[in-house]
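# Commentary on secondary and tertiary structure
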Amino acid sequence: KGGTLSMGPESVETAVRRDKALACSDIIQLKPKSTVVDLITNDLRAEASSHVTGVIQKPLATPFLDLPPLPKEVNARCVDSAPKVALAKGQARTLTPGCYGDVTLEKNGRLFLQPGVYKFRSWKLGVSSSIVGNPGKVTVYLRDSWTSAPGVLIGPSSSISTQLEIFTGAKS
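Residues numbered from 1 in each chain as written. Predicted model: local features only at pLDDT ≥ 70, side-chain atom pairs only at ≥ 80, totals over all residues. Heavy atoms only, no water.

Moving on, we get to the overall build of the protein. Per the secondary structure count, the protein includes 0 helices and 16 strands. Over its C-alpha atoms, taken along the principal directions, the protein stretches across nearly 50 × 35 × 30 Å. A burial count over the protein gives 32% of its 172 residues as buried. Of all intrachain contacts in the protein linking residues separated by at least 6 positions in sequence, the fraction that spans at least 24 positions is 28%. Accessible area for the protein stands at about 10100 Å²; split by element, carbon and sulfur atoms hold 53% of it. Within the protein, one finds 21 positive and 14 negative side-chain charges whose respective centroids are separated by 6 Å. (Helix = DSSP H or I, 4+ residues; strand = E, 2+ residues; numbered from the N terminus. Buried < 20%, exposed > 50% of the residue type's maximum accessible area, 1.4 Å probe, protein only. Contact = heavy atoms within 4.5 Å. Areas by Shrake-Rupley, 256 points an atom, 1.4 Å probe, with all protein chains shown as cover. Lys, Arg positive; Asp, Glu negative; His and termini not counted. Charge placed at Lys NZ, Arg CZ, Asp CG, Glu CD.)

So this is what it looks like as structure tokens:
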């Protein structure tokens, strides 16, 4: 049994290219006035005012895609005894590469990562918080859990997306 993808209310999921506008989940819930292009699902639960403008494909064959195994660093034991990182509302902090426990960012908290390798136990990211990789290659291994509130930004400070890599075995 898979997960549930809930869209809306009043959300529109589109893309410049049609092949980039695909929603896949065991169960898809379309809330009132939601619009999506193409769906692959086992169970579509759509409100009367929602719209699918493309194709609905059933069933969703699992596994949908085969992923390579996660790097062994994702299961690092050092995170169990490493220091926690907690930022209060609006605080900012820059970390150096290393091993860290739980990370908690409250509303508008900003965490900057210097280039290097990081291992974390968990992330709990508050409303409009951000984790930004400073210029250079940043690699993150996140072990246990990752929760994000609305408006969270995670990415490199440059326009080169490959400068921030995140590997996670986290359960959300």
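The next subject is the state of the cysteines. Summed over the entire model, instances satisfying the criterion amount to 1 disulfide. A sulfur-sulfur separation of 1.9 Å characterises the disulfide bridge that pairs C78 with C99. Judged by the sign of its S-S torsion, about 95°, the bond between C78 and C99 is right-handed. With C78 in the loop between β7 (56–57) and β8 (85–87) and C99 in strand β10 (residues 98–105), the pair connects residues that are 21 residues apart, well separated along the chain. On the accessibility criterion, C78 (31% relative accessible area) is partly exposed. (Disulfide = S-S within 2.5 Å.)

A pair can form between side chains of opposite charge whenever their charged atoms are brought close. Enumeration according to the criterion identifies 7 salt bridges in this entry. Residue D43 is joined to R45 by a salt bridge in which the shortest nitrogen-to-oxygen separation is 2.8 Å. Across the salt bridge formed by E73 and K72, the nearest N and O atoms sit 3.5 Å from each other. Given a relative accessible area of 26%, E73 falls into the partly exposed group. Connected through shared salt-bridge partners, D80, D102, R121, R143 and D144 make up one network. (Salt bridge = Lys/Arg side-chain N within 4 Å of Asp/Glu carboxyl O.)

We now examine the sheet that holds strand β1 (residues 4–7). Pairing within the open sheet is parallel, and its 4 strands lie in the order β1-β3-β5-β7. Strand pairing shows two members of the sheet lacking a second neighbour, β1 and β7, which therefore form its edges. Pairing of strand β3 (residues 22–30) with strand β5 (residues 38–46) involves 8 bridges; the strand directions are parallel. Each residue of the ladder has a partner; that of L22, found in β5, is D38. (Pairing = 2+ DSSP bridges.)

Attention shifts here to the sheet that holds strand β15 (residues 153–156). On the basis of which strands lie adjacent, the open sheet formed by 4 strands has the order β9-β11-β13-β15 and parallel pairing. Of all strands in the sheet, those bounded by a partner on one side alone are β9 (92–95) and β15. Neighbouring strand axes in the sheet, compared pairwise and without regard to direction, differ in orientation by 15° on average. (Axes fitted to C-alpha atoms, helices over the stretch in contact; angles between N-to-C directions.)

For soluble globular proteins, nonpolar side chains are generally found buried alongside one another. Formed by 17 residues in total, the largest nonpolar core has its most connected members in L95, L111, L113, Y118, F120, W123 and V140. Looking at which element gives the most residues to this core, the answer is strand β12 (residues 116–125), with 4 residues. If we skip the residues at most four places from it in the chain, F120 touches V79, L95, Y100, G101, V103, L113, V140, Y141, L142 and R143. Listed in part, the 6 residues of the second largest apolar core include M7, I28, L30 and V36. (Core = buried A, V, L, I, M, F, W, Y, C linked by side-chain atoms within 4.5 Å.)

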